[in-house]
Amino acid sequence: MERLPGGRRPRLVSSLGLGRRSWEVTLDEERGRLAWRDPRPPRRAGENCFVPISEIIAVEETEFNKKQRNIGRWQKMEKLHAFTVYYVKRARNHRWRCSDVTFWCVDEHLCNQWTQALKELLEMQKSRPKQLLVYINPYGGKRQGKRIYEQKVAPLFNLASISTDVVITEHANHAKDNLFEVNIYKYDGVVCVGGDGMFSEVMHGLIGRMQKDSGIDQNNPKASLVQCNIRIGIIPAGSTDCICYSTVGISDPVTSALHIIIGDCQPLDVSSVHHNNTFLKYSVSLLGYGFYGDILKDSEKKRWMGPMRYDYSGFKTFLSHHYYEGTIAYQPAKHTHGSPRDKESCRMGCYICKKSEKQLAEQTKKHGLKHEEGEEEWKVIKGKFLAINAVNMSCACPRSPKGLSPAAHLADGSADLILVRKCSRFDFLRYLVRHTNQDDQFDFPFVDVYRVKCFQFTSKLSEDNESNVMDIGKKRFGQFCRDHPVCCCNIVNSTWNCDGETLDSSAIEVRVHCQLVKLFARGIEENSKDEASYSQSSIEQLL
């Protein structure tokens with residue numbers, strides 16, 4: 001054991017076997033990494049390797065079999081002792097995999113010393129979960145949630161010594177209702193296996209439980225909500241996995257499981273949606289009226305088609321080309337930096353989100369839970385709109401890698417309000433196509449985008465007319481108009497699409513709550529070559 005200059009933390013340096021020869025292995029606690037290199041010159045670049053301690057999954061003593069021992073001079077040894085280090089290995093397109101490397105030596109005491117030192121450092125990683133509550137939706141997507149968890153995720157949790165309580169959901173809102181009953185404070189996190197709908201259900205249950213325990217009235221649109229410090233993990237297994245894709249960079253169960261294991265934490269803004277001082281829903285991705293609302297409403301009738309229903313309903317809605325009249329009032333998000341037209345996207349370690357986190361901490365320290373109402377002037381816009389979209393994140397997905405708003409931030413306390421005014425069908429198609437390429441999707445005269453902290457929308461019909469006349473119409477003629485869309489009835493209202501669920505009210509009030517929940521994620525990493533992981537091909541050549 002060596003002592004670093006100045007009495008800093010010690011490091012362990014030994015000559016251990018790896019592959020066909022001895023390597024100099026260093027456990028550097030000061031730098032927080034495990035490193036190994038070939039001490040013999042000349043040194044090749046691929047043979048100087050290290051992995052951060054924070055990305056080591058587990059360390060286990062390894063039984064050294066005869067096949068492994070039959071290599072060079074190790075063959076002459078009677079007894080070899082080994083340990084295996086399991087770690088995060090980065091692959092292409094933000095994909096993570098669990099890889100491992102095995103070191104061995106003759107000295108049993110030295111082997112035990114290494115194993116103990118590594119395990120002690122892993123115990124010091126306080127952000128890592130020890131006990132998780134897992135909800136599995138067996139019906140979502142292609143009905144593969146249970147299989148994905150048992151075959152791909154559970155073995156990794158077992159390897160990392162994470163204990164789990166697993167609940168297989170049996171009906172809608174099962175997870176949400178269950179979160180109001182269980183002792184959630186004994187868990188380090190809640191994991192949902194499913195799509196965006198399953199995440200929304202868990203999020204609503206967790207936020208609702210926290211507000212109930214804190215005595216906060218969710219029906220008050222101006223109430224300051226209590227932050228949820230219990231992190232949520234998402235194992236993607238649904239028809240849409242937009243939230244996972246936007247926060248991790250890929251919809252992959254193993255990658256998401258590894259983010260949970262190493263204890264990543266990504267704050268996330270949440271928007272509350274109210275109507276007439278009545279709480280409706282929370283939203284973290286898309287709140288869409290018009291085009292996306294009509295798609296969802298139509299696709300709900302065609303669930304038998306599976307994920308293909310979104311393509312069919314999207315094409316049908318595009319051809320209908322309905323527009324809706326209404327009034328939007330919003331307050332600009334002056335507290336945050338940046339603009340929806342920025343070229344840089346929100347990535348891991350985003351300085352704008354970190355600055356918002358600091359502002360939130362200072363505001364909480366100064367005012368507590370009291371909501372500090374700003375005196376900013378409300379801006380009002382009236383018009384005819386094909387689509388009204390409010391997003392708390394980019395809403396990126398494999399079909400739209402940049403998302404609906406490429407520069408939207410995950411945790412800056414604002415939403416990007418996108419207004420698509422009435423235009424020709426061809427111009428609207430041009431706008432939609434730009435979601436799939438690198439062109440500026442806001443560079444159209446009929447598209448406006450604003451960064452807001454709250455907004456209100458009212459359709460052309462007054463709320464009184466909507467509550468009285470429309471209710472009567474639904475009772476007398478609603479079934480006829482739904483079954484016969486070619487009738488001459490005017491379509492005066494669309495439906496709000498709130499994270500894949502419809503809202504009954506068209507008139508809503510929306511407020512963004514900065515960093516209300518936390519995910520087991522770290523934001524999307526840059527695509528640069530990561531120095532924290534080494535080339536697997538070079539290691540395979542050595543073994």
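Residues numbered from 1 in each chain as written. Predicted model: local features only at pLDDT ≥ 70, side-chain atom pairs only at ≥ 80, totals over all residues. Heavy atoms only, no water.

Right, let's get into the overall build of the protein chain. Helix and strand counts for the protein chain stand at 13 helices and 22 strands. A burial count over the protein chain gives 52% of its 543 residues as buried. In the protein chain, the share of contacts with a sequence separation of at least 24, taken over all contacts with a separation of at least 6, comes to 75%. Roughly 26,700 Å² of accessible area belongs to the protein chain as shown, and the carbon and sulfur atoms make up 48% of that amount. (Helix = DSSP H or I, 4+ residues; strand = E, 2+ residues; numbered from the N terminus. Buried < 20%, exposed > 50% of the residue type's maximum accessible area, 1.4 Å probe, protein only. Contact = heavy atoms within 4.5 Å. Areas by Shrake-Rupley, 256 points an atom, 1.4 Å probe, with all protein chains shown as cover.)

The biggest cluster of nonpolar side chains holds 67 residues, and the ones touching the most others in it are Tyr 135, Phe 199, Val 202, Met 203, Val 420, Phe 428 and Tyr 431. In terms of residues, this core owes the most to one element, helix H5 (residues 196-214), which gives seven residues. Setting aside its immediate chain neighbours within four residues, Val 420 contacts Phe 385, Leu 386, Ala 387, Phe 428, Tyr 431, Phe 446 and Val 447. (Core = buried A, V, L, I, M, F, W, Y, C linked by side-chain atoms within 4.5 Å.)

On inspection of all chains with the given rule, the structure shows 16 aromatic pairs. With a centroid separation of 4.5 Å and 50° between ring planes, the pair formed by Phe 279 and Tyr 282 is classed as tilted. For Phe 279, a relative accessible area of 19% puts it in the buried group. A network of ring pairs unites the aromatic residues Phe 291, Tyr 292, Phe 318, Phe 428, Tyr 431, Phe 444 and Phe 446 as a single cluster. Taking the ring centre of Phe 50 as reference, the NZ or CZ of Arg 33 above it sits at 4.5 Å. (Phe/Tyr/Trp six-rings, centres within 6.5 Å; stacked < 30°, edge-to-face > 60°. Lys NZ or Arg CZ within 6 Å of the ring centre and 35° of its normal.)

A separate point is the packing of helix H8 (residues 291-299) against helix H9 (residues 308-320). Viewed as axis vectors pointing N to C, H8 and H9 meet at an angle of 125°, and their least axial separation amounts to 9 Å. When the interaxial angle is binned, H8 and H9 end up oblique. In this structure, H8 meets H9 at a crossing whose hand is right-handed. Residues Phe 291, Asp 294, Ile 295, Asp 298 and Ser 299 of H8 form the contact with H9, whose own contacting residues are Arg 309, Tyr 310, Tyr 312, Ser 313, Gly 314, Lys 316, Thr 317 and Phe 318. Considered class by class, the residues forming the contact of H8 with H9 number five nonpolar, four polar and four charged. (Axes fitted to C-alpha atoms, helices over the stretch in contact; angles between N-to-C directions. Parallel < 35°, antiparallel > 145°, perpendicular 65-115°, else oblique. Left-handed = near helix turned anticlockwise from the far one by under 90°. Nonpolar A, V, L, I, M, F, W, Y, C, P; charged D, E, K, R; others polar.)

This part is about the side chain of Glu 525. Here Glu 525 is to be found in the loop between strand S22 (508-519) and helix H13 (536-542). With relative accessibility at 11%, the residue Glu 525 sits in the buried group. A distance of 2.9 Å separates polar atoms of two side chains, one belonging to Glu 525 and the other to Arg 90. (Polar contact = N/O pair within 3.5 Å; in protein donor to acceptor, adjacent residues only side chain to side chain.)

The subject of this paragraph is the pairing of strand S13 (residues 266-275). Regular strands have side chains that alternate between both faces of the sheet. Counting buried positions over the 10 residues of S13 gives 10, a clear majority of the element. Neither face of S13 is open: one carries Gln 266, Leu 268, Val 270, Ser 272 and His 274, the other Pro 267, Asp 269, Ser 271, Val 273 and His 275, and all of them are buried. The pairing of S13 with S22 spans eight bridges and is classified as antiparallel. Residue Leu 268 lies in a different strand from S22, and its bridge partner there is Val 517. Between S13 and strand S14 (residues 278-283), which follow one another and run antiparallel, lie two residues, and Asn 276 among them has a positive phi close to 50°. (Pairing = 2+ DSSP bridges.)

Turning our attention to the packing of helix H3 (residues 145-159) against helix H7 (residues 253-261). Put simply, H3 and H7 touch, their axes get as near as 10 Å, and they point 30° apart. Compared by their axis directions, H3 and H7 come out roughly parallel. Here H3 and H7 pass one another in a crossing that is right-handed. Residue-level contacts link Ile 148, Lys 152, Val 153, Leu 156 and Phe 157 of H3 to Pro 253, Val 254, Ala 257, Leu 258, Ile 260 and Ile 261 of H7.

This next bit is on the confidence of the model for the protein chain. Scored by pLDDT, the protein chain has a mean of 85; 83% of the residues are at 70 or more. When the criterion is pLDDT under 50, residues 467-490 qualifies, and its contacts beyond four places in sequence or with other chains add up to 11 contacts. Ignoring residues within four places in sequence, the model shows residues 528-543, a span with pLDDT below 50, making 30 contacts including any to other chains. (pLDDT = per-residue confidence, 0-100.)

What follows is about the environment of Glu 357. Within the secondary structure, Glu 357 is located in helix H10 (residues 351-367). Separated by 90 residues in the primary sequence, Glu 357 and Pro 267 place their C-alpha atoms 8.7 Å from one another.

There is a patch of nonpolar side chains on the surface, built from Phe 426, Leu 429 and Val 433 and spanning about 280 Å² of accessible area. Since its relative accessible area comes to 38%, Leu 429 is described here as partly exposed. (Patch = residues over 30% accessible without salt bridge, like charges linked within 9 Å, V, L, I, M, F, W, Y side chains within 5 Å. Salt bridge = Lys/Arg side-chain N within 4 Å of Asp/Glu carboxyl O.)

For the rest of this paragraph, the subject is the side chain of Asp 241. For Asp 241, the location among the structural elements is in the loop between strand S12 (231-236) and helix H6 (242-248). Those residues in contact with Asp 241, other than ones at most four positions away along the chain, are Gly 194, Gly 195, Asp 196, Pro 236 and Ser 251.

A few words now on the state of the cysteines. According to the stated counting rule, one finds zero disulfides in the structure shown. Take Cys 244: it sits in no disulfide, and the sulfur closest to it among the cysteines is that of Cys 192, at 9.1 Å. For Cys 244, a relative accessible area of 2% corresponds to the buried category. In this structure Cys 346 is not part of a disulfide, and its nearest cysteine sulfur, from Cys 353, lies 3.7 Å away. Judged by its relative accessible area of 9%, Cys 346 is buried. (Disulfide = S-S within 2.5 Å.)

Okay, H5 next. Taking 1.5 Å of rise per residue, 19 residues should cover 27 Å, and H5 covers 27 Å from first to last C-alpha, within 8% of that figure. After H5 finishes, the residue Gly 215 shows a positive phi value of roughly 75°. (Expected span 1.5 Å × (residues − 1).)

All right, on to the environment of Thr 436 then. Tracing the backbone through its elements, the reader meets Thr 436 in the loop between helix H11 (425-433) and strand S19 (447-459). In this structure, the C-alpha to C-alpha distance between Thr 436 and Pro 401, residues 35 residues apart in sequence, is 6.8 Å.

The subject of this paragraph is unusual backbone geometry. For Asn 93, which is not glycine, the phi torsion reads 55° and is therefore positive. Tracing the sequence through the fold places Asn 93 in the loop between strand S7 (81-90) and strand S8 (96-105). According to the relative accessible area criterion, Asn 93 is exposed, its value standing at 57%.

To continue, consider helix H2 (residues 108-123). The end-to-end C-alpha distance of H2, which contains 16 residues, comes to 22 Å, matching closely the 22 Å that a straight helix rising 1.5 Å per residue would cover. Of the residues making up H2, those classed as buried are Leu 110, Cys 111, Trp 114, Thr 115, Ala 117, Leu 118, Leu 121 and Leu 122. Projected down its long axis, H2 shows its buried positions confined to an angular sector of 160°, all on one face. Of the residues in H2, the exposed ones pointing more than 90 degrees away from the buried face are His 109 and Glu 123. A side-chain oxygen of the first residue of H2 lies 2.9 Å from the backbone nitrogen of His 109; this N-cap is Asp 107. (Arc of directions from axis to C-beta.)

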